[in-house]
Amino acid sequence: MRILVSNDDGIYSPGLAALAEVASEFGSVRVVAPDGERSSTGHAITASRPLSYRRTQIGGFEAFRVNGTPADCVALGAHLWEKVDLVLSGLNLGLNLGNGIWHSGTLAAAKQAALLGLRGIALSAPATAEPDFAPFKPWMRRVIEALLPHNDLCLTNVNFPRNPRGLVWTRVSVRRYDGQIVPTTDPLGRPLYWFSVTPIEGAEDGTDRWAVEQQWVSVTPLRLDLTDEQLLARLQASRPLQEGIATAVSPRRSSPEAAEAVKREEAETPVADPQVR
């Protein structure tokens, strides 16, 4: 099994090294990670400049640092190391719970794997875990052992509490958003602003935040399709737009010319010719 390991804390994060060590028990490991801190960059990709790929030393592993985002690292790593079977992202220095998954670079690396048709698992530990990640190694091993047999799990978000009691399946806690803007000033009195978070308490049971609050390892299966299917069905039934006409006059599959036209409209950079390698 070929396992690609990445993160958003940077190539020299001790959490990355700890995850790579555990991953090596399950297959051949290659580390491809950002050359510096890229936390909370979400699923950004670099399209305005080329990426560099430089060999570096991380324990005894084949490792490379990239001047890009976590998603860049997975895309480039999978391109250069063919037939990747699994992408592991982490071990992140800080939990990725609830609505925080929208900002998480750690989860973005695993999500990029899913976009490429690979399996992706994001793993996060409490921010206060550094520098001792040894207690989390047995739990990372248990998580990987538990998830590997489930080939239908294309994207999974895992969060470890400080003192794990066991593993539980959870859903995302989205009842409240914890992001907030905190104003401050520079030495000359000019306004500045921090994007910070507020503490959230009393998460509903069965969610990722609730599980970690109760000292359980939260294992959340995710999907790429964000469509609200129930709402979509209700709207199509109660307030239809022009779906009937669209279905009647449009082919079920777009022509190559139509697909290419839309592809060029959505690209900010020149579209690569699929025939050019």
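A short tour of the structure in this document, coming up.

With respect to the packing of aromatic side chains
Step number 1: By the definition in use, this model includes two aromatic pairs.
Step number 2: Centroid distance tyrosine 53 to phenylalanine 64: 4.4 Å. Interplanar angle 10 degrees. Geometry classified as stacked. In this pair, tyrosine 53 sits in strand 3 (residues 53–58) while phenylalanine 64 sits in strand 4 (residues 61–66), placing the two residues eleven residues apart along the sequence.
Step number 3: Ring centres of phenylalanine 136 and phenylalanine 160 lie 6.2 Å apart, and the angle between their planes is 65 degrees; this geometry places the pair in the edge-to-face category. In this pair, phenylalanine 136 sits in the loop between strand 6 (119–125) and helix 4 (137–147) while phenylalanine 160 sits in the loop between strand 7 (155–159) and strand 8 (167–169), placing the two residues 24 residues apart along the sequence. In this pair, the class of phenylalanine 136 matches that of phenylalanine 160, namely buried.

A look at the pairing of strand 3
The side chains of a regular strand alternate, first on one face of the sheet and then on the other.
Step number 1: Relative to strand 4, strand 3 runs antiparallel, the two sharing six bridges. Bridge pairing in strand 4 places arginine 54 opposite arginine 65.
Step number 2: Between strand 3 and strand 4, which pair antiparallel one after the other, the connecting turn spans two residues, and glycine 59 there sits at a positive phi close to 60 degrees.

So, the side chain of threonine 46
Step number 1: Relative to the elements of secondary structure, threonine 46 occurs in the loop between strand 2 (28–34) and strand 3.
Step number 2: At 2.5 Å, the side chain of threonine 46 forms a polar contact with the side chain of aspartate 72.
Step number 3: If near-sequence neighbours (up to four positions away) are discounted, threonine 46 is found in contact with Leu51, Gly68, Thr69 and Asp72.

Re the side chain of aspartate 186
Step number 1: Inspection of the secondary structure assignment puts aspartate 186 in the loop between strand 9 (179–185) and strand 10 (191–197).
Step number 2: Here arginine 190 takes part through its side chain, which lies 2.7 Å from a polar atom of the side chain of aspartate 186.

With respect to helix 2 (residues 70–80)
Step number 1: Burial runs high along helix 2: eight of the eleven residues are buried.
Step number 2: Residues Pro70, Ala71, Asp72, Cys73, Val74, Leu76, Gly77 and Ala78 constitute the buried set of helix 2.

Notes on the pattern of salt bridges
Step number 1: Taken as a whole and judged by the stated rule, the model has eight salt bridges.
Step number 2: The salt bridge involving arginine 141 is made with glutamate 25; its shortest N-O contact spans 2.6 Å. In this pair, arginine 141 sits in helix 4 while glutamate 25 sits in the loop between helix 1 (14–23) and strand 2, placing the two residues 116 residues apart along the sequence.
Step number 3: A residue is classified by how much of its surface remains accessible, and arginine 141, at 26% relative accessible area, is partly exposed.
Step number 4: A relative accessible area of 45% places glutamate 25 in the partly exposed class.
Step number 5: With its nearest N and O atoms 2.7 Å apart, the salt bridge here joins arginine 190 to aspartate 186.

Section: the packing of helix 2 against helix 3 (residues 105–115)
Step number 1: Here helix 2 crosses helix 3 at 30 degrees, and the two axes come no closer than 7 Å. Of the possible angle classes, the one that applies to helix 2 and helix 3 is roughly parallel. Crossing geometry of helix 2 relative to helix 3 is assigned as right-handed. Side by side, helix 2 and helix 3 meet where Pro70, Ala71, Val74 and Ala75 of the first sit next to Gly105, Ala109, Gln112 and Ala113 of the second.
Step number 2: Across the contact of helix 2 with helix 3, the residue classes tally to six nonpolar, two polar and no charged.

The rules behind the values
- Residues numbered from 1 in each chain as written.
- Predicted model: local features only at pLDDT ≥ 70, side-chain atom pairs only at ≥ 80, totals over all residues.
- Heavy atoms only, no water.
- Phe/Tyr/Trp six-rings, centres within 6.5 Å; stacked < 30°, edge-to-face > 60°.
- Helix = DSSP H or I, 4+ residues; strand = E, 2+ residues; numbered from the N terminus.
- Buried < 20%, exposed > 50% of the residue type's maximum accessible area, 1.4 Å probe, protein only.
- Pairing = 2+ DSSP bridges.
- Polar contact = N/O pair within 3.5 Å; in protein donor to acceptor, adjacent residues only side chain to side chain.
- Contact = heavy atoms within 4.5 Å.
- Salt bridge = Lys/Arg side-chain N within 4 Å of Asp/Glu carboxyl O.
- Axes fitted to C-alpha atoms, helices over the stretch in contact; angles between N-to-C directions.
- Parallel < 35°, antiparallel > 145°, perpendicular 65-115°, else oblique.
- Left-handed = near helix turned anticlockwise from the far one by under 90°.
- Nonpolar A, V, L, I, M, F, W, Y, C, P; charged D, E, K, R; others polar.

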